[in-house]
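# Chains, contacts and geometry: an overview
Letter by letter, the chains look like this.
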Amino acid sequence: MKKPVMYLSSSLFGKLLPRSKRYLSTKEAIERRSHLFNLEKKRQLENVGRIEKIEVNYKGVPKDCTLVMNRNISTPYDCAKHLTQWHTESSVLALLDGTIHWDMHRPLTENCTLELQNFTVSDPHQVNKAFWRSCSLVLGACATVAFKDTVAVKLHSFPGPDIRSGSFIYDIDLPSLPDWKPTQQELHTLSAEYVMLSRKALPIERLEVSEELALEMFVENEHKTKQIPSIARSNANGKVTLYKVDKYVDISKGPMISHTAQIGKVSVTSVHQLVGTPESDVNQLYRFQGVALPTGVVLNHFAYSILIERAKKLNPARSPINPFGEPSHTTHKENIAATA
Amino acid sequence: MNQAEVTKLVSKLRIKIPPKHRKMSSPEGPEGRMNKLRKTVTGLFKYERIELNHNRADEARQYAERLIAEAINHGDCHKPTMEMADYWLLEKELVHKLFKVLVPRYENSNTAYTRMLRAPRPEYSYNTEKTVLELRGNPYPPLHNKQANNRQLLQNILLDAAKYEYRQTKYAEMAENIGKNEQEKPSV
């Protein structure tokens, strides 16, 4: 496992940077990460070896049927392709054996029953969560692409999906912009980037990689590098789950939606500053916030404007750099001292 | 006046009837029109859900509704009703279906017996507004999504949360005002 990774990465560095000191611009880092992701995915596919067949009992419209698929290769998306185009486009999550929610692009490992879930199933709780999580993921990707090359963008993290908070968020470190307040025009630009990314209808790919490879992929992002060991430890098999949209790779537990065209109406509504405590290693982060609706949801513009106004307020989710303080612009040093 | 009211002679249909019938041009004249409609009504009773042009669907629907209403009112021992069923249903086994299946199905219903929905129009076509005409209570999966009231849908969760927050701010404002009034009173 380890050997090919080292070989790959060293050869890649040879091509990109002949110098011994590692320095990567944001763009180069993205390319490199996506390249490593593709190589690892290819390697894992080749490692499957002899192809074994599994039986997947499909339940749902048009009728229940049994599909014979390939173990560790076929995904629920492949099953949907055997049904109709409608299934491939509208299915968000797969439900295996009536209990496990499975990504559409994650290979199946066992004989199972399969149900495909879209946004209008009778209990869309998990589907909604996957949608909100994916919205955060794509927000990170679109923030990465939106800035000029001179502005370093370091993605920090996004918390678990909380739909009732009214906005999905991504906390991002912009070290070269100490005091940035986005204008309305800049927010529009971010939203436009978002829409462009979602209109491409790109699949959200999933891959489980070892801790070493994950560290190698996120070598230039010190926030992610710090998070990776604990993520790997919390996972039962010691692996890190990565997701890739277009060429942007990110860490998340998942599950995610099937492809980006399932994100319909979307707006990036605001960017707030989060100030860290003196002990935290980062002084400040920017909290990017947005609101989105699934494709096909018709909501009148007045109702949607209410959602936008609400999403402009600072999301009360816990700040990663100041977890116990008020998530506000100012730190209350006196208060903390008084309580302590 | 001893004359009976015309509206009470015929059972009132539960759908909207346009003031004029459609001529539905045919080389055979009015008889050709009726033949066309008989075919459509027969198809509707046979398949329970059909897709066709809007004009013909709307016209045939009125005759189908009337036929079912008569069958329910008079039953299968009434000669005129049986003749009418015999005329409209080209395939005779459908007469049995009408009295043995459809009459029990609709006996206690208080809505129309058929449903008409707009269907997507073929691209680059003109003057072909497509319609789906179906008998209610058919065994097929429903055509329209009635789940907009599901509170678990994402848009409903978002709107509910926004409503809740708005009310909370209003309550907070009211509570503040109450406090102020009480403070003012002693000073007055």
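What counts, and where the lines are drawn
Residues numbered from 1 in each chain as written. Chains lettered and ligands numbered in written order. Predicted model: local features only at pLDDT ≥ 70, side-chain atom pairs only at ≥ 80, totals over all residues. Heavy atoms only, no water. Helix = DSSP H or I, 4+ residues; strand = E, 2+ residues; numbered from the N terminus. Rg over C-alpha atoms; globule rule 2.2 N^0.38 Å. Contact = heavy atoms within 4.5 Å. Areas by Shrake-Rupley, 256 points an atom, 1.4 Å probe, with all protein chains shown as cover. Lys, Arg positive; Asp, Glu negative; His and termini not counted. Charge placed at Lys NZ, Arg CZ, Asp CG, Glu CD. Axes fitted to C-alpha atoms, helices over the stretch in contact; angles between N-to-C directions. Parallel < 35°, antiparallel > 145°, perpendicular 65-115°, else oblique. Left-handed = near helix turned anticlockwise from the far one by under 90°. Nonpolar A, V, L, I, M, F, W, Y, C, P; charged D, E, K, R; others polar. Pairing = 2+ DSSP bridges. Buried < 20%, exposed > 50% of the residue type's maximum accessible area, 1.4 Å probe, protein only. Salt bridge = Lys/Arg side-chain N within 4 Å of Asp/Glu carboxyl O. 1 Å grid on protein atoms, 1.4 Å probe; cavity = no way out; pocket = protein on both sides within 12 Å on 5 of 7 lines; lining within 4 Å. Points joined across faces, edges and corners; volume = space filled by probe spheres on them. Domains from an automatic or database assignment. Buried area = accessible area lost by both parts, 1.4 Å probe. Polar contact = N/O pair within 3.5 Å; in protein donor to acceptor, adjacent residues only side chain to side chain. Phe/Tyr/Trp six-rings, centres within 6.5 Å; stacked < 30°, edge-to-face > 60°. Lys NZ or Arg CZ within 6 Å of the ring centre and 35° of its normal.

Let us now look at the overall build of chain B. Assigned secondary structure in chain B consists of six helices and three strands. If you list the helices and strands of chain B from N to C, you get α-α-β-α-α-α-β-β-α. Here the C-alpha atoms of chain B give a radius of gyration of 27 Å, more than 25% beyond the 16 Å that 2.2 N^0.38 yields for 188 residues. Intrachain contacts of chain B at a sequence separation of at least 6 include 61% that bridge at least 24 residues. As displayed, chain B has an accessible area near 13,100 Å², and 53% of this comes from carbon and sulfur atoms. For chain B, the distance from the average site of its 33 positive side-chain charges to the average site of its 24 negative ones is 3 Å.

Another aspect to go through is the packing of helix α3 (residues 54-74) of chain B against helix α4 (residues 79-88) of chain B. Helix-helix packing is described using two parameters, namely the angle between the two axes and the distance between the axes. All names here are of chain B. Relative to each other, α3 and α4 sit at 150 degrees, their axes nearing to 10 Å. The angle between α3 and α4 places the two elements in the roughly antiparallel class. As α3 runs across α4, the sense of the crossing is left-handed. Taking contact as the criterion, the partners of Tyr63, Arg66, Leu67, Glu70, Ala71 and His74 in α3 are, on α4, Thr81, Met84, Ala85 and Trp88. Broken down by class, the residue content of the contact of α3 with α4 amounts to six nonpolar, two polar and two charged.

Once that is clear, we can look at the sheet that holds strand β10 (residues 248-251) of chain A. Residues and elements named next belong to chain A. One open sheet holds the three strands; their spatial order is β8-β9-β10, and the pairing between them is antiparallel. On the outer flanks of this sheet lie β8 (204-210) and β10, each paired with one strand and no other. Within this sheet the neighbouring strands show an average axis-to-axis angle of 30 degrees, counted without direction. Summarising the sheet, strand β9 (residues 239-245) and β10 pair through four bridges and their orientation is antiparallel. Each bridged residue has a counterpart across the sheet, and for Leu242 the counterpart in β10 is Ile251. Contacts between helix α5 (residues 125-146) and the sheet are confined to β8, β9 and β10, with β10 contributing the most and set at about 135 degrees to the helix.

Residue and element names in this part refer to chain A. Pairing within the open sheet is antiparallel, and its four strands lie in the order β6-β7-β12-β11. For this open sheet the edge positions go to β6 (154-157) and β11 (263-275), each flanked by a neighbour on one side alone. On average, each strand axis in the sheet is inclined to that of its neighbour by 30 degrees, with strand direction left out of account. With five bridges connecting them, strand β7 (residues 168-173) and strand β12 (residues 284-294) associate as antiparallel partners. What sits directly across from Ile172, in β12, is Tyr286. Where helix α6 (residues 184-199) meets the sheet, its contacts fall on β7, β11 and β12, and the angle it forms with β11 comes to roughly 135 degrees. The strands touched by helix α9 (residues 301-312) within the sheet are β11 and β12, with β11 carrying the most contacts at an inclination of about 20 degrees.

Glancing now at unusual backbone geometry. All names here are of chain A. Between Val61 and Pro62 the backbone carries a cis peptide bond, its omega angle lying at -10 degrees. The topology assignment puts Pro62 in the loop between β1 (53-58) and β2 (65-70). A cis amide bond links Gly254 to the next residue, Pro255, at an omega of -5 degrees. On the secondary structure map, Pro255 appears in the loop between β10 and β11. Notably, Ala201 is not glycine yet its phi reads approximately 55 degrees, a positive angle. Tracing the backbone shows Ala201 in the loop between α6 and β8. Owing to a relative accessible area of 38%, Ala201 belongs among the partly exposed residues under this scheme.

Residue and element names in this part refer to chain A. Burial analysis of β7 places six of its six residues in the buried class, which makes it a mostly covered element. Here β6 runs beside β7; their pairing, made up of three bridges, is antiparallel. Within β7, the position partnered with Lys154 by the bridge is Asp173.

Once that is clear, we can look at the side chain of Arg61 of chain B. All names here are of chain B. Tracing the chain through its elements places Arg61 in helix α3. In this structure, Arg61 is buried with no salt-bridge partner, the nearest side chain bearing the opposite charge being Glu65 at 4.4 Å. In this structure, Arg61 is in contact with Ile15, Ala112, Thr114, Arg115, Met116 and Leu133, ignoring residues within four places of it in sequence.

Residue and element names in this part refer to chain A. In this structure, the second largest pocket spans a volume of roughly 660 Å³. Taken together, 25 residues make up the lining of the second largest pocket; nearest its centre are Ser157, Phe158, Pro159, Gly160 and Ile231. Mapped by element, the contributors of at least two residues to the lining of the second largest pocket are β6, β7, α8 (222-234) and β10. In terms of residue count, the dominant contributor to the lining of the second largest pocket is α8 (five residues). For the lining of the second largest pocket, the residue count by class is eight nonpolar, 11 polar and six charged.

Let us look at the domain arrangement of chain B. Annotation of chain B at the domain level lists domain 1 (8-144) and domain 2 (149-187). Placing the centre of domain 1 of chain B and that of domain 2 of chain B at their C-alpha centroids yields a distance of 53 Å.

Taken together, the contacts link 15 residues of chain B with 24 residues of chain A. Here chain B and chain A share an interface that buries about 1,600 Å² over both sides, 65% of which is from carbon and sulfur atoms. Across the contact surface, chain B and chain A share two salt bridges. At the surface where chain B touches chain A, the tally comes to four residue pairs in polar contact (both at pLDDT 80 or more).

Residue and element names in this part refer to chain A. Under the counting rule described, the total for this entry stands at 12 aromatic pairs over all chains. With a centroid separation of 5.4 Å and 90 degrees between ring planes, the pair formed by Trp132 and Phe168 is classed as edge-to-face. Here the residue Trp132 occupies a position in helix α5, and Phe168 occupies one in strand β7, the gap between them amounting to 36 residues. With relative accessibility at 2%, the residue Trp132 sits in the buried group. Judged by centre distance (5.4 Å) and plane angle (70 degrees), the ring pair of Phe147 and Trp180 falls under edge-to-face. Of this pair, Phe147 sits in the loop between α5 and β6 while Trp180 sits in the loop between β7 and α6, placing them 33 residues apart in sequence. Taken together, the aromatic side chains of Phe119, Phe131, Trp132, Phe168 and Tyr194 make up a single cluster linked through ring pairs. Directly above the ring of Trp102 sits Arg106, whose terminal nitrogen or CZ lies 3.8 Å from the centroid. The ring of Tyr304 carries Lys265 above its face, with NZ or CZ at 4.6 Å from the centroid.

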